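Letter by letter, the chains look like this.
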Amino acid sequence: MALFEARHLHKRFGQQVVLEEINLSFEEGRLSGIMGPNGAGKTTCFNVLTGRYKPDRGQVLFDGEDITGSPPEKIVRRGISRSFQIMNLFDEYTVLDNIVIALPGIRKKLTNPMHAIDADSEMQDRAMDILDRVGLPGRARTNSKSLSYGERRALEIGVALATEPRLLFVDEPTAGLGADGTSRLADLIQSLKEHTTIVMIEHDMQFLFDVADKISVIHWGQVIAEGTPDELRANPWVRRSNLGELN
Amino acid sequence: MDYPTKQTKAWVTPQIVVAIVLFGTMPLWIEAVGLYQYLGVEVIIWMIFALGYNLLLGYTGLPSFGHGAFFGIGAYAYGLAQFEVWPNLWFCLAAAVVVTAAFGAATALFLSHRRGIYFALMSIAFGQIFFFIASKWTDVTGGEDGLLDIQRLPVEFGAMSLSTRSNVELYYLCFALFCVLVILLWRLTNSPYGRVLRAIKQNEMRVSFIGYKVSVIKWSVFTLSTAIAGLAGGLFAMAQEGAYINIMSLQWSGTIVLMVLIGGGFVSFWGPVLGVILYFVARDVLGAYTEAWLLWFGLMFMLLVMFKPEGLAGMWRDLLGTLVTRKAEPKGNPAKVEG
């Protein structure tokens, strides 16, 4: 059975139907990609799947349980987290503190007002491990505002990872990055893939086809094609809809 | 608000020691600098109020413009508990805290899903509701006359009883509570809870996406800050020997915002303390020269907001920063300087 499943999702804003009929399923241990033209509803789809919006119709299942319409914090606690296309960091905090605050171990101590967060070496170490994984160990004490754009992208993923998810949604990790940054992020996603189930929206076709096990194409609020990268290369829909330059 | 790690782990920091020494000795020197003992009482009470208020404004970024109402509710609760129930200091102060917190908790139910301008407007609306109830419900609050003849009850520990009749005695009661509050708030603001508050100020949506229920946290911090306002209000009823409606007005609610901002509540734990001192000293020193002292204070506020929104605490930090860098420069390695 799939780890995560969305059935017949429908979402509209006022008169505008953004998601018509979305059916998706993601397998544990895989990297699933989502692609589609601008305005196809990819990010809205993510927002519905991760609890930011409630769907008007349809069902979202995680690990066999119905999480439709649950608020983000409940979904995160169940083990689904996400990174954002437009960056959402805590800009007054250091890189390390951005990670620390997201750790479940810290969240569980929320109601202990005397717990000195900086003295919790176990959590500090865990946060450093995550910074290692996303390639920012040397930047722990830097203010997150002073990071380069590419580093902020990596931290964005680091914060999502810090919640210790079983399933990680990544929204356009390479948006706005140059060739250098993109290849560094590709390496990062490759290495994360070994431990975490990932669902990724991505514009860079080359990158997505290299790294994904399965890809779903969203257009007009529907999944119009689905399959492995090889299957999709041959798919007439994908060729015709001119989604990107593929070699 | 970045402190060296050593400080954020400590129960008592150098700044806390300085504050304790400074305010602990205040009755000894306040008259020598041309001020008077009652001013000290006012200052320390408003510092308690301001520290609690800053949990909302400076830490969580929630602009409550109706907080004076809770200060006032604390004062009435203290008076009523004394008249109607049991004239015991601890009981009456506890009543001030609990009753105010109950009003705060109920109000927070309506505010905890709001932010920014909507939060601000609703906080004004609730402040005004409480103000009008207090002014019209004459049987309970005494209306425009207020509650008169509130006693400065003695501090009782078993058989021991300490008077709070004189201003200096009352000051030391407030000072003791201030010290406890400062230490507890220092710990709280450096606990996971405090860090989440600051995270909410920076990016509320992301906080929910790392697993925190933002509305519950906002509800709790609002309630906590009203509880502290209630304590300050109870003490203020003792200081004034009465509870009056004017402290619940919009103007006084604005004054606490002014104090906290001018002091630098957004960047420093100590901002509210500095702001309260500046306000009262300005009132008394400028006030001695001109009745229009608030005009000058207002202008000062405007200049500060335009040129140094980090307030007094921000200026102090810049000053320290320059001094530290200068000291470090001859050694040729300013990069190593921290904090």
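Residues numbered from 1 in each chain as written. Chains lettered and ligands numbered in written order. Predicted model: local features only at pLDDT ≥ 70, side-chain atom pairs only at ≥ 80, totals over all residues.

(A) Structural context of unusual backbone geometry. All names here are of chain B. With a phi angle near 60 degrees, Asp149 is a residue other than glycine that sits in the positive phi range. Mapped onto the fold, Asp149 is located in the loop between strand 1 (147-148) and strand 2 (155-157). The exposed category is assigned to Asp149, around which 9 C-beta atoms lie within 10 Å. Within the chain, Glu241 stands out as a residue other than glycine whose phi angle is a positive 50 degrees. Within the element layout of this structure, Glu241 appears in the loop between helix 12 (214-240) and strand 4 (242-243). (Helix = DSSP H or I, 4+ residues; strand = E, 2+ residues; numbered from the N terminus. Buried ≥ 20, exposed ≤ 12 C-beta atoms within 10 Å, placed from the backbone.)

(B) Local environment of the packing of helix 5 (residues 68-85) of chain B against helix 6 (residues 89-111) of chain B. All names here are of chain B. For the pair helix 5 and helix 6, the least separation of the axes is 8 Å and the interaxial angle reads 135 degrees. Comparing the axis directions of helix 5 and helix 6 gives the class oblique. In this structure, helix 5 meets helix 6 at a crossing whose hand is right-handed. Taken together, the residues of helix 6 that come into contact with helix 5 (itself represented by Phe70, Ile73, Gly74, Ala77, Tyr78, Ala81 and Gln82) are Phe91, Cys92, Leu93, Ala95, Ala96, Val99, Thr100, Phe103 and Gly104. Across the contact of helix 5 with helix 6, the residue classes break down as 12 nonpolar, four polar and no charged. (Axes fitted to C-alpha atoms, helices over the stretch in contact; angles between N-to-C directions. Parallel < 35°, antiparallel > 145°, perpendicular 65-115°, else oblique. Left-handed = near helix turned anticlockwise from the far one by under 90°. Contact = placed C-beta atoms within 7 Å. Nonpolar A, V, L, I, M, F, W, Y, C, P; charged D, E, K, R; others polar.)

(C) Structural context of the domain arrangement of chain A. All names here are of chain A. With domains assigned, chain A is organised as domain 1 (1-79 + 165-247) and domain 2 (89-164). For domain 1 and domain 2, the distance between their C-alpha centroids amounts to 26 Å. Listed by partner, the interface residues are 11 residues for domain 1 and 11 residues for domain 2. Contributing elements (two or more residues each) for the side of domain 1 that touches domain 2: strand 7 (167-171) and helix 7 (179-193). With four residues, helix 7 is the largest single contributor of residues to the side of domain 1 that touches domain 2. Taken together, the residues of the side of domain 1 that touches domain 2 break down into eight nonpolar, two polar and one charged. (Domains from an automatic or database assignment.)

(D) Just the interface of chain B and chain A, in detail. Every contact between the two is made by 23 residues of chain B and, on the other side, 28 residues of chain A. Those elements that provide at least two residues to the side of chain B that touches chain A are helix 1 (5-9), helix 9 (167-189), helix 10 (192-202) and helix 11 (204-209) of chain B. Ranked by residue count, the leading element in the side of chain B that touches chain A is helix 10 of chain B, at seven residues. Taken together, the residues of the side of chain B that touches chain A break down into nine nonpolar, eight polar and six charged.

(E) How the structure looks around the environment of B:Ile247. All names here are of chain B. One can find Ile247 in the loop between strand 4 and helix 13 (250-263). Residue Ile247 is classed as buried on the basis of its C-beta count, with 24 C-beta atoms lying within 10 Å. Placed 172 residues apart in sequence, Ile247 and Ala75 show a C-alpha to C-alpha distance of 9.4 Å. Excluding residues that lie within four positions of it along the chain, Ile247 makes contacts with Gly68, Phe71, Gly72, Ala75 and Trp252.

(F) Local environment of the pairing of strand 7 of chain A. Residue and element names in this part refer to chain A. Within strand 7, five of the five residues are buried, leaving the element largely enclosed by the surrounding structure. Along strand 7, one buried face is formed by Leu167, Phe169 and Asp171 and the opposite face, lined by Leu168 and Val170, is buried too. The pairing of strand 6 (residues 80-83) with strand 7 spans four bridges and is parallel. Its bridge partner being in strand 7, Ser83 is matched across the sheet by Val170. With five bridges connecting them, strand 7 and strand 8 (residues 197-201) associate as parallel partners. Looking at the pairing, Asp171 lines up with Ile201 of strand 8. Handedness of the crossover is the feature at issue here: the chain leaves strand 7, passes through helix 7, returns alongside strand 8, and the resulting connection is right-handed. (Pairing = 2+ DSSP bridges. Right-handed = clockwise from strand over helix to strand, strands pointing away.)

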